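# Observations on chain architecture
The chain contents come next:
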Amino acid sequence: MTTIVVTNIGSLVTNDPALGDGSPLGLIQDAALVIDGDRIAWVGPAQTAPAADETYDADGRAVIPGFVDSHSHLLFAGDRTAEFNARMSGRSYSAGGIRTTVAATRAATDAALEANLLRHLDEARRQGTTTFETKSGYGLTVADEARALRIAAAHTEEVTYLGAHIVSPDYADDPAGYVDLVTGEMLAACAPYARWVDVFCEEGAFDGDQARAILTAGAAAGLIPRVHANQLSHGPGVQLAVELEAASADHCTHLTEADVDALAQAAATTVATLLPGAEFSTRAQWPDARRLIDAGATVALSTDCNPGSSYTSSMPFCIALAVRDMRMTPDEALWSATAGGARALRRGDIGTLAPGSRADLALLDAPSHVHLAYRPGVPLVSAVWQKGVRTA
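## Quick word on the overall build of the protein chain
When helices and strands are counted, the protein chain shows 14 helices and 17 strands. The principal-axis extent of the C-alpha atoms belonging to the protein chain is close to 70 × 45 × 45 Å. Residues classed as buried in the protein chain amount to 58% of the 392 residues present. Once local pairs closer than 6 in sequence are excluded, the contacts in the protein chain between residues at least 24 apart make up 70%. Carbon and sulfur atoms make up 52% of the accessible area of the protein chain, which amounts to about 14600 Å² in all. Seen as two clouds, the 28 positive and the 47 negative side-chain charges of the protein chain have centres 4 Å apart.

## Digging into the nonpolar core
Counting 89 residues, the largest nonpolar core has Tyr161, Phe206, Leu263, Leu292 and Leu301 as its most contacted members. In terms of residue count, helix H4 (residues 142-153) provides more of this core than any other element does, six residues in total.

## A word on the side chain of Asn306
Looking at where Asn306 falls in the secondary structure, it is placed in the loop between strand E14 (299-301) and helix H12 (315-325). Only 2.7 Å separates the side chain of Asn306 from the backbone oxygen of Asp304, close enough to count as a polar contact. Within the structure, Asn306 has its side chain in polar contact with the backbone nitrogen of Gly308 (distance 2.8 Å). Residues in contact with Asn306, not counting those within four places in the same chain, are His73, Tyr138 and Tyr311.

## Thoughts on the pairing of strand E13 (residues 271-274)
Residues Val271 and Thr273 line one face of E13 and the alternating positions Ala272 and Leu274 line the opposite face, and both faces are buried. Relative to E13, strand E12 (residues 248-251) runs parallel, the two being bridged by three bridges. Looking at E13, one finds that Ala249 is bridged to Ala272. Running through helix H9 (residues 257-265), the crossover from E12 to the neighbouring parallel element E13 is right-handed. Pairing between E13 and E14: three bridges, direction parallel. Across the sheet, Thr273 pairs through a bridge with Ala300, a residue of E14.

## Regarding the pairing of strand E16 (residues 381-386)
Across four bridges, the pairing between strand E15 (residues 361-364) and E16 is antiparallel. Residue pairing in the sheet places Leu364 in a bridge with Val381 of E16. The pairing of E16 with strand E17 (residues 389-390) spans two bridges and is antiparallel. Its bridge partner lying in E17, Gln386 is registered against Val389. Here E16 folds back onto E17, and the loop between the two strands holds two residues, one of which, Lys387, carries a positive phi near 50 degrees.

## Some details on the packing of helix H3 (residues 110-125) against H4
At a minimum axis separation of 10 Å, H3 and H4 run at an interaxial angle of 45 degrees. Taken together, the axes of H3 and H4 are oblique relative to one another. In this structure, the crossing between H3 and H4 has a hand that is right-handed. Contact with H3, carried on its side by Asp110, Leu113, Glu114 and Leu117, involves Arg147, Arg150, Ile151 and Ala152 of H4 and no other residues of that element. Of the residues assigned to the contact of H3 with H4, the class counts are four nonpolar, no polar and four charged.

## Some remarks on the packing of aromatic side chains
This model, assessed by the stated rule, comprises six aromatic pairs. Relative to Trp385, the ring of Tyr56 lies with its centre 5.0 Å away and its plane at 85 degrees, an arrangement referred to as edge-to-face. Linking Tyr56 in strand E4 (residues 54-57) with Trp385 in strand E16, this pair joins segments that are 329 residues apart in sequence. Pair check on accessibility: Tyr56 and Trp385 agree, each one buried. Between Phe76 and Tyr138 the ring centres are 6.3 Å apart and the planes differ by 75 degrees, which places this aromatic pair in the edge-to-face class.

## Concerning helix H5 (residues 175-183)
Those residues of H5 not exposed but buried are Gly177, Tyr178, Val179, Leu181 and Val182. Among the structural elements, H4, strand E8 (158-164), helix H6 (185-190) and helix H7 (208-220) are those in contact with the buried residues of H5.

## Here we look at the side chain of Arg358
Looking at where Arg358 falls in the secondary structure, it is placed in the loop between helix H13 (330-344) and E15. In terms of polar contacts, Arg358 uses its side chain to reach the backbone carbonyl oxygen of Thr130, at 3.5 Å. Ignoring anything within four residues of it in the chain, the contact list for Arg358 reads Asp38, Arg39, Ile40, Thr130, Thr131, Glu157, Arg347, Asp349, Ile350, Thr352 and Lys387.

## A closer look at unusual backbone geometry
Of note in the backbone geometry, Asn8 takes a positive phi value of approximately 60 degrees without being a glycine. Inspection of the secondary structure puts Asn8 in strand E1 (residues 3-12). Residue classification places Asn8 among the partly exposed positions, given a relative accessible area of 36%.

About the thresholds
- Residues numbered from 1 in each chain as written.
- Predicted model: local features only at pLDDT ≥ 70, side-chain atom pairs only at ≥ 80, totals over all residues.
- Heavy atoms only, no water.
- Helix = DSSP H or I, 4+ residues; strand = E, 2+ residues; numbered from the N terminus.
- Buried < 20%, exposed > 50% of the residue type's maximum accessible area, 1.4 Å probe, protein only.
- Contact = heavy atoms within 4.5 Å.
- Areas by Shrake-Rupley, 256 points an atom, 1.4 Å probe, with all protein chains shown as cover.
- Lys, Arg positive; Asp, Glu negative; His and termini not counted.
- Charge placed at Lys NZ, Arg CZ, Asp CG, Glu CD.
- Core = buried A, V, L, I, M, F, W, Y, C linked by side-chain atoms within 4.5 Å.
- Polar contact = N/O pair within 3.5 Å; in protein donor to acceptor, adjacent residues only side chain to side chain.
- Pairing = 2+ DSSP bridges.
- Right-handed = clockwise from strand over helix to strand, strands pointing away.
- Axes fitted to C-alpha atoms, helices over the stretch in contact; angles between N-to-C directions.
- Parallel < 35°, antiparallel > 145°, perpendicular 65-115°, else oblique.
- Left-handed = near helix turned anticlockwise from the far one by under 90°.
- Nonpolar A, V, L, I, M, F, W, Y, C, P; charged D, E, K, R; others polar.
- Phe/Tyr/Trp six-rings, centres within 6.5 Å; stacked < 30°, edge-to-face > 60°.

This is how it looks when you write it as structure tokens:
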């Protein structure tokens with residue numbers, strides 16, 4: 001098996017305090033790392049690096065763990081440009097929102113859905129993302145939800161069943177019947193392709209009792225809960241996520257003191273995943289990351305890439321937003337976009353660059369990770385290794 005030493009790294013982020021300067025980022029200056037197959041074999045000062053079969057000179061640039069995008073919606077067809085344009089222009093818009101995407105997704109072929117997924121994955125990878133989670137939720141029939149998850153499972157291990165995105169238009173007059181479908185026949189068809197079960201717990205989608213039933217049924221089928229929680233208003237989503245030991249409560253925009261305390265108490269089990277692309281694209285209230293971090297909650301950052309409310313695949317962009325508008329430091333934002341995302345996916349092999357970790361890393365055309373927020377919008381990722389293979 002070929003070994004590769006990446007040397008002359010100006011600043012290496014390991015996310016392991018024991019390996020570097022003792023900070024959460026575990027920074028090592030003038031560093032090197034060795035890739036052996038799909039794993040990291042060694043990290044440390046460049047002058048003590050062991051020999052390897054091949055050498056890659058980082059030329060004084062920064063190396064970071066590959067981004068872990070733990071919340072996205074990439075199985076869809078069509079686009080909602082008109083909706084976005086109207087929203088940004090201050091005009092009312094009466095088209096169907098998520099229902100517009102549902103209609104386009106149902107009409108698309110398997111090949112078209114997969115091609116769209118791969119296009120977005122390539123786009124994300126070129127920006128440093130090496131692990132992604134993605135969901136169903138734009139089919140809302142048994143067959144369409146199952147095919148979305150089947151397509152996704154061919155390209156990632158992190159697949160989420162989101163039959164409970166909204167009540168299907170087919171069940172507009174029978175939401176209880178749709179919950180029965182989501183927890184019954186649809187769940188049985190989708191569970192073999194998924195690792196996670198999710199629900200949009202929000203007024204206009206699913207209330208606390210419905211969300212509990214959906215998540216409990218998913219857990220009984222072997223899926224791990226995640227929750228779209230407290231995005232548009234205060235509600236029961238965060239408390240439900242903590243109670244059911246969900247891996248993450250995602251959005252977390254409208255929080256009471258009790259919600260913040262609950263997330264802090266559950267920091268080891270339930271991650272608060274913040275999705276600033278959604279607030280940017282909807283001109284909504286920003287999540288208060290500072291409040292959560294200071295309370296002791298574990299925070300992740302993700303793109304929420306979807307065609308309606310956050311059509312970005314760029315984790316660097318989300319880092320810049322988090323620093324500028326959510327009161328995170330550059331160090332906290334990078335940690336949340338890498339190690340935090342790994343925590344939200346309950347993964348110990350990604351989000352870090354330590355011996356035994358998966359060899360997922362990005363080389364920045366900059367001397368420090370701080371440039372991700374310092375130079376927003378600039379394409380700083382110049383090389384990416386995924387499972388030890390240089391991909392971009």
